[in-house]
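Here are the chains, one letter per residue:
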Amino acid sequence: MALSIEQCDIVLDILDEGKVRSHTFESLYNELHKKFDPADYFKVGTFLVVLLQQDLLKEAEQKLVAITLLHELYRGEPLPNTPFANVFIHLLHPPEHQSSVGAPKLEYPGQLPRLSAPEKYFLTQLLSDVPKDAILKKTATQVVNADVGNFQAADFSMIELLLAEKQSELPQTCKTGIPIILSLPEKTNNYSVDTLEYEVLVKKIASGENAYMNKVYRPEFVILAPPLLDTQDELVWLNPTNPQEHTIAYDVTMCVPDTAGQEARQLMNKAYKSALSIQQQQQLLAELESDSKLVYHIGLTPSKLPELVENNPLIAIEVLLKLMQSKQITEYFSVLVNMEMSLHSMEVVNRLTTTVDLPTEFVHLYISNCISTCETIKDRYMQNRLVRLVCVFLQSLIRNKIINVQELFIEVQAFCIEFSRIREAAALFRLLKQLESGDIGLVSSPTINSKSKLEG
């Protein structure tokens, strides 16, 4: 994340010695704002920090302008949220680095310039909440030469606390690095650098693929290997030296599509619309049998159950049997009870009642629904046909001891009397009378008993 050579030239031109003395802070920032996009602000800020750290700006006015531009890059943002908040805290409260008690302060890598009292006063105003229009209309020369009297630095302890909290979240390894660019060991006023050499030096540090301004030297973080335990189950740490002794273990099932599940879903989509062929039914049932979890991933929902029952009742039976442990089984039962009565729906219900233990209220509700449908249908031919189906269905439930007919005796007897003209209804009525007189011992049998159903 480095500036290009052209961008370095723009920043250096804004920080020119003559320009920073004659132009106001506001005009210099407006020029920077026009020539850089907000996406480049962080790179510009990093470049300004490097110029300050490596003492690459000769005049105090240049340094003050660089500090001001660094602050104005994130104008309007709370100081703790800006990426260069630590820079301003260090400028106002520089860390004390001494060789011993009472010894003079030493330079250290990445040290920021020490500000004079007028410069600190200006920076304090810049960081505070006071209006900044007046102070930004000044020039750097006016600020450097100003008389501030007994200036007391403002208290930014709350901001320091917020920054410390953010830094505490970083790993310790992030705090152990030092810049790879080191300042001269001794600084005197006798050395000078040609302007061209100065620009070349700055561009090498800050631009191109070999830019050094973001590079940091950190010690290698070494972790000791844990010692082996004296047990047979402890794994030995492998340090392969000869690659030919080891082969790559590749999982051949990775990225292989689940064709079985895909074919099952395709067959289910066809089963909602039309009857499957015998071969297709066998294929679908075989896949459901081979994978007990597949039934939850074939796309069947309670709302699609009526279509499946009408077009492929055998598939519906097998799917419902595999969904008996599902949390949605009650929803499937509710849809099955309330769907339009037909031969296929009776076939599904009858098969379920003879295979698994269905809730008693479910069976009774379905019987009531069948009787109501027969009574309300207008077509005489269809009515006779459905009555025959219901009567045969009820006889099967009674003889297999699926229901306790005493709980439905009045309703079923009234149904038989209403349709006594139909032979199956008359036969069902005789069965009820035999149960009532005790000629056959089915009345006192349990409502639902899986063992008796299997035997029946």
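Note that the structure is predicted; figures quoted are calculated from it, not measured.

**Q** I tried to follow the overall build of the protein chain on my own but got confused; where do I start?
**A** What the protein chain contains, in helices and strands, is 22 helices and 2 strands. Across the 456 residues in the protein chain, those meeting the buried criterion constitute 38%. Partitioning the intrachain contacts of the protein chain with sequence separation of at least 6 by distance along the chain shows that 74% fall at a separation of at least 24. For the protein chain, the accessible area works out to roughly 27500 Å², and carbon and sulfur atoms hold 53% of it.

**Q** Looking at this model, I keep getting lost on the nonpolar core. Mind explaining?
**A** A general feature of soluble globular proteins is that nonpolar side chains tend to end up buried together. Among the nonpolar cores identified, the biggest contains 66 residues, and L336 and I367 are the most heavily contacted of them. Here this core gets 9 residues from one element, more than from any other, and that element is helix α19 (residues 380–399). Beyond its immediate stretch of four places on either side in the chain, I367 contacts F393, L394, L397, I403 and L408.

**Q** Would you mind going over the packing of helix α5 (residues 60–72) against helix α6 (residues 85–92) with me for this structure?
**A** Axis angle and axis distance: for two packed helices, these are the angle between their axes and the distance between the axes, and together they describe the pair. Here α5 crosses α6 at 140°, and the two axes come no closer than 10 Å. It follows from the interaxial angle that α5 and α6 lie oblique. Seen from above, α5 lies across α6 with left-handed handedness. From α5, I67, L70 and H71 reach across to α6, where they touch V87, F88 and L91. In the contact of α5 with α6, the residues fall into 5 nonpolar, 1 polar and no charged.

**Q** Please clarify how the environment of K401 should be interpreted in this entry.
**A** With respect to the helices and strands, the residue K401 is situated in the loop between α19 and α20 (409–418). Judged by its relative accessible area of 30%, K401 falls in the partly exposed class. Taking the C-alpha atoms as reference points, K401 and T354, 47 residues apart in sequence, are found 9.5 Å from one another.

**Q** Please explain α5 as it appears in this structure.
**A** In an α-helix, one turn spans 3.6 residues, which is why side chains three or four residues apart end up on the same side. Helix length check: α5 (13 residues) gives 18 Å between terminal C-alpha atoms against 18 Å at 1.5 Å per residue, within 8%. Here α5 lies mainly inside the structure; 11 of its 13 residues are buried. Within the span of α5, buried status applies to E61, Q62, L64, V65, A66, I67, T68, L69, L70, H71 and E72.

**Q** Is there a simple way to think about the pattern of salt bridges in this case?
**A** Any two side chains of opposite charge can pair, on the condition that their charged atoms come close. For the structure shown, the criterion picks out 11 salt bridges. The salt bridge partner of K43 is D40, with a shortest N-O separation of 3.4 Å. For the pair formed by K43 and D40, the shared burial category is buried. Across the salt bridge formed by E318 and R351, the nearest N and O atoms sit 3.6 Å from each other. Of this pair, E318 sits in helix α15 (residues 313–322) while R351 is found in helix α17 (residues 343–353), placing the two residues 33 residues apart along the sequence. Of the residues examined, E318 reaches a relative accessible area of 24% and is grouped as partly exposed. Each of D13, K19, E31 and K35 takes part in a single network of salt bridges with overlapping partners.

**Q** What is the right way to look at the packing of aromatic side chains in this model?
**A** The geometry of an aromatic ring pair comes down to the distance between the two centres and the angle between the two planes. Taken as a whole, this structure holds 6 aromatic pairs when the rule is applied. When the ring of F42 is compared with that of F84, the centres are 5.5 Å apart and the planes differ by 20°; the resulting orientation is stacked. Of this pair, F42 sits in helix α4 (residues 41–53) while F84 sits in the loop between α5 and α6, and the two are 42 residues apart along the sequence. Assessed through its relative accessible area of 35%, F42 is described here as partly exposed. Under the relative-accessibility criterion, F84 is labelled buried at 8%. Among the aromatic residues, ring-to-ring pairing joins F42, Y74 and F84 into one connected group.

**Q** Just to check I follow, could you spell out the confidence of the model for the protein chain for this structure?
**A** Any residue range with low pLDDT should be treated as having predicted coordinates unsuitable for detailed reading. Chain-level statistics for the protein chain give a pLDDT mean of 76 and a share of 72% at 70 or above. Across the protein chain, element-level confidence peaks in helix α14 (residues 305–311) with a mean pLDDT of 90 and bottoms out in helix α22 (residues 450–455) with 30. Low pLDDT, under 50, characterises residues 97–104; the predicted model gives this stretch 10 contacts beyond four residues in sequence or across chains. When the criterion is pLDDT under 50, residues 442–456 qualifies, and its contacts beyond four places in sequence or with other chains add up to 33 contacts.

**Q** Explanation requested: a nonpolar patch on the surface in the structure shown.
**A** On the surface, a cluster of nonpolar side chains totalling about 530 Å² of accessible area is made up of I248, Y250, V252 and M254. With respect to the helices and strands, M254 occurs in the loop between β2 (216–217) and α12 (259–271).

**Q** Mind showing me how you'd approach the side chain of H364 here?
**A** Residue placement: H364 occurs in helix α18 (residues 360–376). Take H364: its relative accessible area is 14%, and that puts it in the buried class. In this structure H364 touches I403, E407 and L408, once residues within four positions along its chain are discounted.

**Q** Whenever I open this one, the packing of α5 against helix α7 (residues 117–127) confuses me. Can you help?
**A** Packing of α5 against α7 leaves a shortest axis separation of 11 Å and a crossing angle of 10°. By the angle between their directions, the pair α5 and α7 is classed as roughly parallel. Contacts between α5 and α7 involve A60, L64, I67, T68, H71 and E72 on the former and, on the latter, E119, F122, L123, L126 and L127. When grouped by side-chain class, the residues that make up the contact of α5 with α7 number 7 nonpolar, 2 polar and 2 charged.

Analysis parameters
Residues numbered from 1 in each chain as written. Predicted model: local features only at pLDDT ≥ 70, side-chain atom pairs only at ≥ 80, totals over all residues. Heavy atoms only, no water. Helix = DSSP H or I, 4+ residues; strand = E, 2+ residues; numbered from the N terminus. Buried < 20%, exposed > 50% of the residue type's maximum accessible area, 1.4 Å probe, protein only. Contact = heavy atoms within 4.5 Å. Areas by Shrake-Rupley, 256 points an atom, 1.4 Å probe, with all protein chains shown as cover. Core = buried A, V, L, I, M, F, W, Y, C linked by side-chain atoms within 4.5 Å. Axes fitted to C-alpha atoms, helices over the stretch in contact; angles between N-to-C directions. Parallel < 35°, antiparallel > 145°, perpendicular 65-115°, else oblique. Left-handed = near helix turned anticlockwise from the far one by under 90°. Nonpolar A, V, L, I, M, F, W, Y, C, P; charged D, E, K, R; others polar. Expected span 1.5 Å × (residues − 1). Salt bridge = Lys/Arg side-chain N within 4 Å of Asp/Glu carboxyl O. Phe/Tyr/Trp six-rings, centres within 6.5 Å; stacked < 30°, edge-to-face > 60°. pLDDT = per-residue confidence, 0-100. Patch = residues over 30% accessible without salt bridge, like charges linked within 9 Å, V, L, I, M, F, W, Y side chains within 5 Å.

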